[in-house]
Amino acid sequence: MALVIGVVNQKGGVGKTTTTANLGAAIAELGKRVLLIDIDAQSNLSTHLGISGKDDLQESPERPPVPEFTIYDVLKGTKQIKDVIIHRSKNLDLVPSSLLLSAADLELGGVVGRELILKRALDKIKNDYDAVLIDCPPALGLLSLNALAAVERVVIPVQSEYLALHGVRQLLDTIDQVRGIYNPSLIVGGVLICLHDNRKRLARVVSDTIRAYFGDLVFDTVVRTNVSLAEAPASGQSIFEYSPKSSGAEDYAALAKEVLND
Ligand SMILES: Nc1ncnc2c1ncn2[C@@H]1O[C@H](COP(=O)(O)OP(=O)(O)OP(=O)(O)O)[C@@H](O)[C@H]1O
Ligand SMILES: [Mg+2]
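Residues numbered from 1 in each chain as written. Chains lettered and ligands numbered in written order. Predicted model: local features only at pLDDT ≥ 70, side-chain atom pairs only at ≥ 80, totals over all residues. Heavy atoms only, no water.

**Considerations on the layout of surface pockets**
- By volume, the largest pocket amounts to about 410 Å³.
- Surrounding the largest pocket, 25 residues form its lining, Gly13, Gly15, Lys16, Thr17 and Thr18 being those nearest its centre.
- Elements with a minimum of two residues in the lining of the largest pocket: helix H1 (16-29), helix H2 (44-48) and helix H9 (227-231).
- For the lining of the largest pocket, the per-class residue count stands at 11 nonpolar, 11 polar and 3 charged. (1 Å grid on protein atoms, 1.4 Å probe; cavity = no way out; pocket = protein on both sides within 12 Å on 5 of 7 lines; lining within 4 Å. Points joined across faces, edges and corners; volume = space filled by probe spheres on them. Helix = DSSP H or I, 4+ residues; strand = E, 2+ residues; numbered from the N terminus. Nonpolar A, V, L, I, M, F, W, Y, C, P; charged D, E, K, R; others polar.)

**Remarks on unusual backbone geometry**
- The backbone of leucine 163 shows a phi angle near 70 degrees, a positive value even though the residue is not glycine.
- Along the polypeptide, leucine 163 turns up in the loop between strand E6 (153-159) and helix H7 (168-181).
- Despite not being glycine, leucine 195 has its phi angle at roughly 50 degrees, a positive value.
- Residue class for leucine 195 comes out partly exposed when judged on its relative accessible area of 36%. (Buried < 20%, exposed > 50% of the residue type's maximum accessible area, 1.4 Å probe, protein only.)

**Considerations on the environment of alanine 147**
- In this structure, alanine 147 sits in helix H6 (residues 142-150).
- Sequence separation of alanine 147 and isoleucine 117 is 30 residues, and the distance between their C-alpha atoms is 9.4 Å.
- With residues up to four places along the chain from it excluded, the contact list for alanine 147 reads Leu118, Ile134 and Cys136. (Contact = heavy atoms within 4.5 Å.)

**Let's talk about helix H5 (residues 117-125)**
- Of the residues making up H5, those classed as buried are Ile117, Leu118, Ala121, Leu122 and Ile125. Down the axis of H5, the sector holding all buried residues measures 115 degrees, keeping them to one side. In H5, the exposed positions angled more than 90 degrees off the buried face are occupied by Arg120 and Lys124.
- In this fold, the buried residues of H5 make contact with strand E1 (3-7), strand E2 (34-38), helix H3 (71-76), strand E5 (131-135) and H6. (Arc of directions from axis to C-beta.)

**Let's talk about the site of ligand 1**
- Neighbouring ligand 1 are 18 residues; Gly13, Lys16, Thr17, Thr18 and Asn226 lie closest to it.
- Here an oxygen atom of ligand 1 sits 3.2 Å away from a polar atom, N or O, in the side chain of glutamine 42.
- Measuring from a nitrogen atom of ligand 1, one finds a backbone N or O atom of asparagine 226 at 2.8 Å.
- Notes on ligand 1: free accessible area 630 Å², of which the protein chains cover 80%.
- Here the residues of the shell around ligand 1 are counted per class, giving 6 nonpolar, 8 polar and 4 charged. (Near = heavy atom within 4 Å. Polar contact = N/O pair within 3.5 Å; in protein donor to acceptor, adjacent residues only side chain to side chain. Areas by Shrake-Rupley, 256 points an atom, 1.4 Å probe, with all protein chains shown as cover.)

**Focus on the side chain of asparagine 226**
- With respect to the helices and strands, the residue asparagine 226 is situated in the loop between helix H8 (201-214) and H9.
- Of note is the side chain of asparagine 226, whose polar atom sits 3.1 Å from the backbone nitrogen of glycine 248.
- Setting aside anything within four residues of it in sequence, one finds asparagine 226 in contact with Ile239, Ser246, Ser247 and Gly248.

**Some remarks on the pattern of salt bridges**
- For the structure on display, the rule yields 12 salt bridges.
- Taking the shortest distance from any N to any O, the salt bridge between aspartate 197 and arginine 199 comes out at 3.0 Å.
- A relative accessible area of 16% means that aspartate 197 is categorised as buried.
- Since its relative accessible area comes to 74%, arginine 199 is described here as exposed.
- A salt bridge links arginine 224 to glutamate 250, with the nearest nitrogen and oxygen atoms 3.2 Å apart. With arginine 224 in the loop between H8 and H9 and glutamate 250 in helix H11 (residues 247-261), this pair connects stretches of sequence that are 26 residues apart.
- Among the charged side chains, a network of salt bridges with common partners joins Lys119, Asp123 and Lys126. (Salt bridge = Lys/Arg side-chain N within 4 Å of Asp/Glu carboxyl O.)

**Some remarks on the pairing of E5**
- The buried fraction of E5 amounts to 5 of the 5 residues, a majority that puts the element mostly inside the structure.
- The alternating pattern of E5 places Ala131, Leu133 and Asp135 on one face and Val132 and Ile134 on the opposite face, and all of these are buried.
- Bridge count between E2 and E5: 5 bridges; the pairing is parallel. Note that in E5 the partner of leucine 35 across the bridge is valine 132. (Pairing = 2+ DSSP bridges.)

**Observations concerning the state of the cysteines**
- Applying the stated criterion across every chain yields a total of 0 disulfides.
- Counting only cysteine sulfurs, cysteine 194 is the nearest neighbor of cysteine 136, a cysteine outside any disulfide, at a range of 14 Å.
- We classify cysteine 136 as buried; its relative accessible area is 1%. (Disulfide = S-S within 2.5 Å.)

Written out as structure tokens, the structure is:
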């Protein structure tokens, strides 16, 4: 049975994509088969892993390869999910994204069952994998709802900075609603403190507040701020390919063990 995780927070820039890419890569490093799904129109996860998001820009020598089909085709119902999967590296597959997703909320507005398209697609293939991770956009629109309806667990990255918990109540309410309507077994699998700089007093205070608010839901593993994690996407590599001895690699390897043992 695959472990199906959505990495969700409508707040931007908190570490969702970095977590999806590197937690996924860490689980793959442990010999498990992993599928990553990029459901954000920004296509950051796809580019992070060396595959372009599909858009209308010209291909150029500096650009990673552009996929022919993407998650957009799956949501529109013109492609099966198995036909858009890219075998990226050992144990690591990716469903890439497309800039076209930015109009998906509107385009799918009239489709009955539009919140369940990803779940229905994923049900057909998820058992080919040990873990499936979905990188969500910084919004609680139709794309995040599709992810929440399709997963078993939500991982919520938060940053130990001012306003870390801003919007978290709304996110938890949305998770409750999705649980009530589409996905009764949905759980919050954990809150992950990301981009943490323990030298900053504010970061220490905020992470204490996060632990006080969420209690046991907060992962023991904290992802420290690490320049290699910020650099790796530019070379299309996971942290384990780019800098396997970095603190970022250490933190995501520890997180993978924690997630698999939960
Ligand atoms: N632990 C870290 N140390 C240093 N830089 C990091 C770390 N985690 C993420 N970053 C950098 O911070 C930025 C935001 O991270 P990321 O793209 O993962 O956030 P996000 O939540 O996916 O953003 P968005 O909401 O736009 O999708 C990126 O430039 C990323 O490389
Ligand atoms: Mg992102």
